[in-house]
Number of protein chains: 2
Amino acid sequence: MPTDKTQIAQVVASLEAELNRLKHEITTMGVADQVPAATETITVADYILERLKQLNVTDYVEAHPTIQWASNCNELNASYAADGYARVKEGSIGVLLTTFGVGELSAANGIAGSFSEHVPVLHLVGVPSTIQQKTKPMLHHTLGDGRFDAYHKAFQEFVISHGSLTDKVTAAAEIDRVLTECVVKARPAYLMLPTDLVHVQIPKTRLLTPLNTEPPANNADIEGFVLDEIMNLIEKADRDVVILVDACTIRHGVRKEVNELVHKTKFPVYAAPMGKTAVSETYERYGGIYVGTISSPEVKEKVENANLILAIGGVKSDFNTGNFTYHIDTHRVIELHSDNTVVQFASFPGIGMKHLLPKLTARLETLKGDAQQIEVPRFTHPVPQEDNETISHSWLWPRVGQFFKPGDVVVAETGTSSFGVLDVPFPDGAIFISQILWGSIGYSVGSTLGAAIAARDIGLNRTILFVGDGSIQLTVQELSVMMHVGVKPIIFLLNNSGYTIERYLHGKHAKYNDITNWKWTSLLTAFGGTEGETCQSYTVKTKSELSKLLDDETFARADKIQLVEMLMPMHDAPRALRVQAELSGLTNKYTA
Amino acid sequence: MPTDKTQIAQVVASLEAELNRLKHEITTMGVADQVPAATETITVADYILERLKQLNVTDYVEAHPTIQWASNCNELNASYAADGYARVKEGSIGVLLTTFGVGELSAANGIAGSFSEHVPVLHLVGVPSTIQQKTKPMLHHTLGDGRFDAYHKAFQEFVISHGSLTDKVTAAAEIDRVLTECVVKARPAYLMLPTDLVHVQIPKTRLLTPLNTEPPANNADIEGFVLDEIMNLIEKADRDVVILVDACTIRHGVRKEVNELVHKTKFPVYAAPMGKTAVSETYERYGGIYVGTISSPEVKEKVENANLILAIGGVKSDFNTGNFTYHIDTHRVIELHSDNTVVQFASFPGIGMKHLLPKLTARLETLKGDAQQIEVPRFTHPVPQEDNETISHSWLWPRVGQFFKPGDVVVAETGTSSFGVLDVPFPDGAIFISQILWGSIGYSVGSTLGAAIAARDIGLNRTILFVGDGSIQLTVQELSVMMHVGVKPIIFLLNNSGYTIERYLHGKHAKYNDITNWKWTSLLTAFGGTEGETCQSYTVKTKSELSKLLDDETFARADKIQLVEMLMPMHDAPRALRVQAELSGLTNKYTA
C-alpha cells in the first residue's frame, strides 16, 4: 500500500491526536470558567467522593450516604480488591485508600498489576500536611532523610496519571485531571491527599459538569482513510475474515460496539484468553479461545488459515499468545486499539476503536451474506469419561463448566486455574477475571472480594473462585473480610500440595515449591465464621463427591460463603498449562 | 567556638571522607588485580552464596551446604523476616529473594522500612535474561509496555545501593560493591540477577579476600581536633555529662565500643526508645528510657538538666523523641553518628563513631572519679497493686517484664506493644525489636519469624512477640511458616477488638478501626499445627490466669510455638502511648 500517503497520514494523525487530547482535557478543566462562580462549597474529601459517585463507585468510605466502606486486612489485598471491583463494574473504577509510605508501598504490586492489565483504579494516599511536606520533620512512616516525595516518585512508574494536592485553589482541577486520565486510559492513578486539605472548603462548581470519560474523537479524514483501507483489504481477502477479540475490548469499554460488529456482520469471532467473555461464549458465530500453539487444533486451523484477521483490543503477552506462537503473517492483520489502529504494517496513532467500530460495523453489515458462509465449529468441552475417581484436571474443568450459570463472575488464580477454565465455555453474561499478563500469585483472593462486592451492587449472579493451596496462602486473610462485608463467594480450593505452575516452570521436586498443608476446612471458622450459619466448608476426594456437591441446590444457591477443598494429584495439570509451561520453561531456562 | 576554623575543618573533612570512601572501595574492588587470575571458577549464584556465607548468613537458599531455605507465605512477610533476621544477627545481613515485578514490588514496604530503620538487607531479584531485557518481549510480570527497568527505578528510592548483573566479567565486582555498601551503611541493597547469568562460571579469585565491611577511616588531624573540642566542652561542663544511646549504636555495630565507653567512664547512660538494650538495662549506671516529654519525670529531670549530653547514634524521629519534645539546648549537645560528628553547632562530616569512640573512651577514662559522683536513679518498674482482675496495660507490662529472661528476643508491634514495653527493664543480653520510626503495622509477625531463626542460629534464648488483634491480621499467614521451619516463639496477642493506636490518633469509635474477631486459639491448628504437640494456644481473661501461665515452667520453656490470647479492655492503652497519641494527634489533626 502507498507508504508516503501513510506516512503523511501518520504525521497528521499524531498532531490530531494531541489536539483532540487537549480539546478533551479542556472540556473538563475549563468548566470553572464557563460557569459563574458558585457560593456553594464542599470539602475536598467530599468533592472526591462526589466525583467517585458520579463514576458509579458505590463501595468505599464510611461517613458518606451512598458509598460503603470495605476494610481490608492489608493494602496489597485491598489493591487486588479494587482491581476486581473495577473489572466487574465496567465503566466505573476501583478505589484504594492507603496511608503514607507503609500503606501505599504495600499496594505497589497490586497497582502495577492494574497498570499492566489496563484496569482503572484510583490510589488515594493520605499524606502529611502541606506544611510538613515543606518542613520535613522526621515523622513515622518517613525514610528518615526528609525525602517526602520518594513514594510519589516510585509510583510514577506504575500509574498513568498522578498528582499531589497542594492548595484549595487547584485541588478540584487536579482531582478531575487525575480521575479523567484514570478512566479514559483505563489504568491506575495516584493522588496524594494531605491531612490539612481533607476538610478545606472548595467551590462545588466543577461538579455540575460530569467528567468527560469518552476517549478523544478521531480525525474524520484519517478515520475515513483507515476505513477505506480496511474495506479494501477485506475485499482483497475475498471477505474471508475472522474477528479476534482480546483484553482491551473489555477494559476500554467497547464490549457493546464489538458485539454490534459481530452480530450485524456475522463474521466468525474468536477470543484470546484475556478476551474471554468479551463476546458471549454461547453466541453461534463464536468459535472459542485462540492462543497460538496452545489452541485446540480446529480453532488454530480456522484462525490461522483465515485470509484476514481483525484483531480487536489485542494484548500480545506470552501467556495470552501461547508464548508468542501466533502463526499469522502481518499482511493478513488489522489491529484496532484504544488509541491507535494498525493496518498491516501501517499504524495510525490517534485513531481509537471506540469511535471507529460503529462506522466499521455500518460498512461491513452489507457483507453479512458472505460472512455467514464461513463455518464456525461450535465451542464445546464435553466431560470426558474416565474410569477412575481421581479428580483430574481433564475432568474437573468441563465438569465445573456445567455448574456455571449466566451472570456468574468466575475468578481464576494465575496458573493452574486460569489455564484450566480457558477450555470451558462460559454461560451468557458470565464474567471471567484472571491476571494472565501480570500473573501475581494470590491476586485472585483479594480480587474475589472486590468482584463479589461489585457483583452484588449490579445484580450479577454468584462469584466463584478457583485457587490453589499455594496461592491462597499469600492473601488468605481476605476470607475474613468477605464474611465481614457479607459477600458469599464459592471458593474451590485445588489442594495439590504446592506451587504446581512453578513445578512445571522449574523445580518440579524443589523444596521451595512445597508448602505447609493447612486444615482448609477450619479456616473460615478460625477467621470468625460460624460453620453452617455464616460459612460452610467441604472436602471432596473423588469425582462422585464433587459431582454430588455441584448438583446440590443448596450449595449452588450460594447463600453463605463456601469453601470446597478438592484433593488432586500433585503433578497433574490442565492441558493448556502443560504446553505453556513447556514453551515458557524453555524460554526461562537457566542458560545463556 | 571558632567558626572559621570549623569551616575549614568541614571542607577538609568532606574531601577526606570521599578519599577514604574511595580507598575503602578499592580494598574490595581492586582484589582482582592483586591476585593472579585463578583458573578455579564458580557459578554467579554460588559466588553470591559464598559472599553471604562470609557475612555469616546461614539461612537462605536450598541446595547450599550451610545455608538453609526459609520460605515465606508472601514477599512482604519475607522482607519483614529478613529485617528481623538482620537485627538479631548483628554484623550479618538479612537476605530476601523475590521474582521480577510481582514478587519484588510486594516487598517494597518492607525494604523501605529497612532503609528507614538502618537495617542491612540484600534484596536479590530474579529477573528475565539479559537478552530479554534488551529485546523486551511482553512477558508475564511485565508492565506490558517494554519498561523492564521500571521496578529497578522505583527501588532506587528505597535502597542504599543497587545493581543489575549484565555479564560475567563485571558480575563479581558488582556483587561485591552492592553487598559492601549494604553492610557498611547498614541499609538495604537491591541486586538484579538475570536467569541467564545464574549458572555462568566466573573466577573465584575475589572470594579469597573477604569484603571490607569496616567503615572508612577518620582523618587523624580532624579526629584529634574533634576529640579536643569534646574534651574542652566536658571540662566546661564541669564533667556533668550524660550519655544518651540510640538506634544507630546497635545498627552501625558500635555496641561494643559504646559499652566500653560507659563502663570505663562511669558516666550515667540513658537510652532513646530505638536504643533500648544497646546498653544492658541491668547496668548500675543505666537510668532508663529518655523520650522527651513522655519520659518518666526523674529520667526527664536527670537528662535535661545535665550540663552536657553525649548523644550516640541518635535518630530524632517523632515517636523516638516524644514527638520532638527534647528540651536540650544545642549548646549542651555532642552527637556521634556513623559517618559524622556534631559538636554543638559544628558538624564534622566523615568523622564516624566506630573509630572515634575508642579514642574518646581512652581520654575520658581519667574522669571516672567525677563521673561516678553523678547519681543515677535505678531503672525499675514494679508491678502495681490493682484491686481488680482486668488485664490492664498498667499491670500487664511490668508483669511480663518479670517473665523476661537474659538473651530473650522481644519483638513488639508498633503502637500499643512498642509503647508498652518501653517502661519495662529488660534482662541482660535481651534484644528489643520494633519499628519505632517506620511503624508498619503487621511488621512484628514477619520480623518474629526472621528473629527467631537468627536467635536459634546464635544460641539466644526465647523469641517473644507482642502484637494486637488488628495488626496480626496483616501478616498472619507467617505463623504457618514458623511451624514449618520449627521455630517456637511465644506470641502474646492483645485482643482489644481493633486498631487501638489508630483509635487514639483519630477515629476513637470509627467503623474503620473495627475488625472481625477471629477464633485466635484455633489459628495455629488451622495453619497446620497439632494442638499440644507442635503448637499450643491459650486464652486468658484475668490477671490471675495470665500470672499462672507466666509462672508455668512448661510454658516458659517454650518448647513449641505458643499463642496467648489476652482479653483486654478496648480503650485502655499504655501510659506512653496515651501521651504520644495526644501529642501526635494534635500534629496530625485535620486542619490547616
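Computed from a predicted model, the values in this text were never measured in an experiment. Numbers given for residues are sequential positions, taken from 1 along each chain in its written order. Labels are handed out in written order, letters beginning with A for the chains and numbers beginning with 1 for the ligands. Restriction of local features to residues with pLDDT of at least 70 applies here, the model being predicted, together with a cutoff of 80 or more for giving and counting side-chain atom pairs; totals for whole chains, interfaces and linings are based on all residues. Here the side-chain values reflect all heavy atoms present in the structure, with hydrogen atoms and water set aside.

**Notes on helix H13 (residues 297-305) of chain A**
All names here are of chain A. Here is the rule: With a 1.4 Å probe rolled over the protein chains alone, any residue whose accessible area is under 20% of its type maximum counts as buried; one over 50% counts as exposed, and the rest are partly exposed. Only DSSP runs of H or I reaching four residues or more are called helices, and only runs of E reaching two or more are called strands; each is numbered from the N terminus. It is the directions from the helix axis to the C-beta atoms that the arc portrays. Contacts between residues were defined by any pair of non-hydrogen atoms, one from each residue, lying within 4.5 Å.
When we look at burial in H13, the residues that qualify are Val299, Val303 and Glu304. Taken down its axis, H13 places every buried residue within 110° of arc, on the same side. Among the structural elements, strand S9 (241-245), strand S10 (269-271), strand S11 (286-289) and strand S12 (308-312) are those in contact with the buried residues of H13.

**A look at the sheet that holds strand S18 (residues 463-468) of chain A**
To summarise the sheet geometry, strands pair through backbone hydrogen bonds and adopt either a parallel or an antiparallel arrangement. Residues and elements named next belong to chain A. Rules: Pairs of strands are assigned from DSSP output, requiring at least two bridges between the strands. Fitting a line to C-alpha atoms yields each axis, with helices limited to the stretch in contact; the angle taken between N-to-C directions then spans 0 to 180 degrees.
Spatially, six strands are ordered S17-S16-S18-S19-S21-S20 in an open sheet, and the strand pairing comes out parallel. Of all strands in the sheet, those bounded by a partner on one side alone are strand S17 (431-433) and strand S20 (535-540). Taken over all neighbouring pairs, the strand axes of this sheet differ in orientation by 15° on average, direction set aside. The sheet contacts of helix H16 (residues 393-403) involve S18, strand S19 (490-495) and strand S21 (561-567), and relative to S19 the element is tilted by about 175°.

**Regarding the pattern of salt bridges**
Stated precisely, the cut-off is as follows: When a carboxyl oxygen of Asp or Glu lies within 4 Å of a side-chain nitrogen of Lys or Arg, that pair is called a salt bridge.
Applying the stated criterion across every chain, the model contains 58 salt bridges over all chains. In this structure, Arg147 of chain A engages Asp145 of chain A in a salt bridge whose closest nitrogen and oxygen atoms are separated by 2.9 Å. For Arg147 of chain A, a relative accessible area of 26% puts it in the partly exposed group. Residue class for Asp145 of chain A comes out partly exposed when judged on its relative accessible area of 34%. Among the salt bridges present, the one from Arg87 of chain B reaches Asp83 of chain B, with a minimum N-O distance of 2.5 Å. Of this pair, Arg87 of chain B and Asp83 of chain B are both found in helix H4 (residues 75-88), four residues apart, which corresponds to roughly one turn of the helix.

**Here's the deal with the UniProt feature "domain: Thiamine pyrophosphate enzyme central" (unreviewed entry) in chain A**
To keep things clear, this is the line we draw: UniProt positions are given in the numbering used here, feature names are shortened, and annotations may be inferred rather than shown by experiment.
Using the residue numbers shown here, the UniProt feature "domain: Thiamine pyrophosphate enzyme central" (unreviewed entry) corresponds to residues 228-341 of chain A. Each end of residues 228-341 of chain A is marked by a C-alpha atom, and these two atoms are 13 Å apart; helix forms 30% of the span and strand 20%.

**Let's talk about the domain arrangement of chain A**
Residue and element names in this part refer to chain A. Stated precisely, the cut-off is as follows: Where each domain starts and ends comes from a domain assignment, either automatic or drawn from a database.
Split into domains, chain A comes out as domain 1 (35-208), domain 2 (220-371) and domain 3 (393-587). Computed from C-alpha atoms alone, the centre-to-centre distance between domain 2 and domain 3 is 31 Å. At the boundary of domain 2 and domain 3, one finds zero salt bridges.

**Describing the pairing of strand S6 (residues 161-164) of chain A**
All names here are of chain A. Operational definition: Handedness is read with the strands pointing away from the viewer; a crossover is right-handed when the path from the first strand over the helix to the second is clockwise.
Side chains Ser161 and Gly163 of S6 all project onto a buried face; the interleaved residues His162 and Ser164 project onto a face where none is buried. Relative to strand S7 (residues 189-194), S6 is paired through four bridges, and the arrangement is parallel. What sits directly across from Ser164, in S7, is Met192. Taken together, S6, helix H9 (residues 171-184) and S7 constitute a β-α-β crossover, and its handedness is right-handed.

**Some points on the interface of chain B and chain A**
Let me state the cut-off plainly: Put simply, buried area is how much 1.4 Å-probe accessible surface two parts lose in total, over both of them, once they are put together. As used in this structure description, the phrase polar contact means that two N or O atoms lie within 3.5 Å; if the pair is within protein, one of them must be able to donate a hydrogen and the other to accept it, and residues adjacent in sequence are counted only when both atoms belong to side chains. Any residue that is not Ala, Val, Leu, Ile, Met, Phe, Trp, Tyr, Cys, Pro, Asp, Glu, Lys or Arg is counted as polar, Gly included; the first ten are nonpolar and the last four charged.
Facing 75 residues of chain B, the contacting portion of chain A comprises 76 residues. Between chain B and chain A, roughly 6,400 Å² of surface is buried when both sides are summed, and carbon and sulfur atoms account for 58% of that area. Summed over the shared surface of chain B and chain A, the number is two salt bridges. In this structure, Arg147 of chain A engages Glu157 of chain B in a salt bridge whose closest nitrogen and oxygen atoms are separated by 3.2 Å. Between the two partners, chain B and chain A, sit 31 residue pairs in polar contact (both at pLDDT 80 or more). Among the elements that line the side of chain B that touches chain A, the one with the most residues is helix H6 (residues 108-116) of chain B, at five residues. A class-by-class count of the residues in the side of chain B that touches chain A yields 33 nonpolar, 30 polar and twelve charged.

**As for the relation of the copies chain B and chain A**
The cut-off we apply is this: Here the copies are matched by least squares. The fit uses the C-alpha atoms of residues with pLDDT of at least 70 in both.
Between the two copies, chain B and chain A, the superposition gives an RMSD of 0.0 Å; the rotation angle is 180° and the shift along the axis is 0.0 Å. One copy is carried onto the other by what is essentially a two-fold rotation axis. Every residue of chain B has its C-alpha some distance from the rotation axis, and the shortest such distance is that of Ala154 of chain B, at 2.2 Å. Of the residues that chain B buries at the interface, 100% are likewise interface residues in chain A, meaning the two copies contact each other through the same surface.

**Quick word on the packing of aromatic side chains**
Residues and elements named next belong to chain A. Quick note on the threshold: Only rings of Phe, Tyr and Trp enter the pairing, Trp through its six-membered ring, and a pair is recorded when the two centres are within 6.5 Å. The plane angle decides the type: under 30 degrees is stacked, over 60 is edge-to-face, the rest tilted. Criterion for a charge above a ring: Arg CZ or Lys NZ at most 6 Å from the ring centre, at most 35 degrees from the ring normal.
Scanning all chains against the criterion turns up 44 aromatic pairs over all chains. For the ring pair Tyr286 and Phe379, a centre distance of 5.8 Å and an interplane angle of 75° mean the geometry is edge-to-face. In this pair, Tyr286 is assigned in strand S11 and Phe379 in the loop between helix H15 (368-373) and H16, connecting sequence segments 93 residues apart. Here the aromatic rings of Phe403 and Phe555 are separated by 5.7 Å at their centres, their planes lie at 35°, and the arrangement is tilted. Of the two residues, Phe403 sits in helix H16 while Phe555 sits in helix H24 (residues 553-557), which places them 152 residues apart along the sequence. Residue classification places Phe555 among the buried residues on the basis of a relative accessible area of 1%. Among the aromatic side chains, those forming a connected cluster through ring pairs are Trp397, Phe403, Phe404, Phe426, Phe432, Phe466, Phe492, Tyr538 and Phe555. Positioned over the ring face of Phe426 is Lys276, at 4.5 Å from the centre of the ring.

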